[in-house]
Amino acid sequence: MADTRPLTFSRRALVAIGLSSGLAALPISAFAARGKVVTILGDSITAGYGLPQAASLPIQLHAALEKLHVPNMVRGAGVSGDTSADGAGRMDFSIRPDTAVVVVALGGNDILQGVDPKITRANLDRILTRLKARHMGVVLAGMHAPREIGAGYARDFDAIYPRLAKAHGVTLYPDLLAGVERNPALNQADAIHPNAKGVMVIAARLAPVVAKELAKRP
């Protein structure tokens, strides 16, 4: 994690660094005391790895929604190192019953570990099926695999999110890291995790999508 050189995204390097490191998630509790509840089910990107809690995505998403005049409470349910399988395994206790909308932001570690896209799709399908059964709104945040690890793998992985969103009739946010990925000014030294400015960009872009989904909820 100390190497600050740009990543080359070889398969071996991807497996060895970043989200697959298994580092513990920062403890992020519910933020704000009013409004409908949003829970972010994710990994270190959403857990706020390497950042003070105030700069983490749950708190910044809350602030971005407030700027849109949307009362809200955002809960972070991100665990560093989590794959889609890990998220599927813990979702029932990580997502409280009062949640109105779940932002599902998983898959980055699947890429880093070279997980078969079919397996990732099956895990995310399980999550979406369960959320539908729990009558919760969903924003499915997509991930893009770097082409350096193989064009075929990247193509198959990228297709997971739009296909699942269509199959389940949920809202798709095509790319969680849009506007941030590979921009040194918006990422930490590991070139994977967004810095505080990067998180603000993500929150500002994601907030209108979440706001529309919240408006659908009773």
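Data block above holds the structure.
Presented here is a report on the structure given in the accompanying data block. No experiment lies behind these values; they were computed from the predicted model shown.

Describing the overall build of the protein
Here is step 1 of the chain: The helix and strand inventory of the protein stands at nine helices and five strands.
Here is step 2 of the chain: The order of helices and strands in the protein, counted from the N terminus, is α-β-α-α-β-α-β-α-α-β-α-α-β-α.
Here is step 3 of the chain: Here the protein holds 218 residues, and 54% of them are scored as buried.
Here is step 4 of the chain: Counted over contacts in the protein with a minimum sequence separation of 6, partners at least 24 positions apart contribute 78%.
Here is step 5 of the chain: Accessible surface, the protein: about 9700 Å² in total, of which carbon and sulfur atoms supply 59%.

Focus: the nonpolar core
Here is step 1 of the chain: Among the nonpolar cores identified, the biggest contains 57 residues, and Leu61, Leu65, Val104, Ile127, Leu131 and Val210 are the most heavily contacted of them.
Here is step 2 of the chain: The dominant element in this core, judged by the number of residues it contributes, is helix H9 (residues 196–216), at eight residues.

Points about the pattern of salt bridges
Here is step 1 of the chain: In the structure shown here, the tally under the stated rule is eight salt bridges.
Here is step 2 of the chain: In this structure, arginine 90 and aspartate 82 form a salt bridge, with 2.5 Å as the shortest nitrogen-oxygen distance.
Here is step 3 of the chain: The class of arginine 90 is buried, set by a relative accessible area of 8%.

Some words on the pairing of strand S2 (residues 72–78)
Here is step 1 of the chain: Along S2, six of the seven residues are buried, which leaves the element largely enclosed by surrounding structure.
Here is step 2 of the chain: The sheet contact formed by strand S1 (residues 36–42) and S2 spans seven bridges and is parallel. Bridged to lysine 36 within S2 is asparagine 72.

Concerning the environment of threonine 120
Here is step 1 of the chain: Position of threonine 120 among the secondary structure elements: in helix H6 (residues 117–133).
Here is step 2 of the chain: What makes threonine 120 buried here is its relative accessible area of 0%.
Here is step 3 of the chain: As for threonine 120 and tyrosine 161, which are separated by 41 residues in sequence, their C-alpha atoms are 10.0 Å apart.
Here is step 4 of the chain: Once residues within four sequence positions are removed from consideration, threonine 120 is found in contact with Ser84, Asp110, Val115, Phe157 and Ile160.

Notes on unusual backbone geometry
Here is step 1 of the chain: Positive phi values are uncommon outside glycine, yet histidine 135 reaches one of about 60 degrees.
Here is step 2 of the chain: With respect to the helices and strands, the residue histidine 135 is situated in the loop between H6 and strand S4 (137–141).

Reading guide: rules and limits
Residues numbered from 1 in each chain as written. Predicted model: local features only at pLDDT ≥ 70, side-chain atom pairs only at ≥ 80, totals over all residues. Heavy atoms only, no water. Helix = DSSP H or I, 4+ residues; strand = E, 2+ residues; numbered from the N terminus. Buried < 20%, exposed > 50% of the residue type's maximum accessible area, 1.4 Å probe, protein only. Contact = heavy atoms within 4.5 Å. Areas by Shrake-Rupley, 256 points an atom, 1.4 Å probe, with all protein chains shown as cover. Core = buried A, V, L, I, M, F, W, Y, C linked by side-chain atoms within 4.5 Å. Salt bridge = Lys/Arg side-chain N within 4 Å of Asp/Glu carboxyl O. Pairing = 2+ DSSP bridges.

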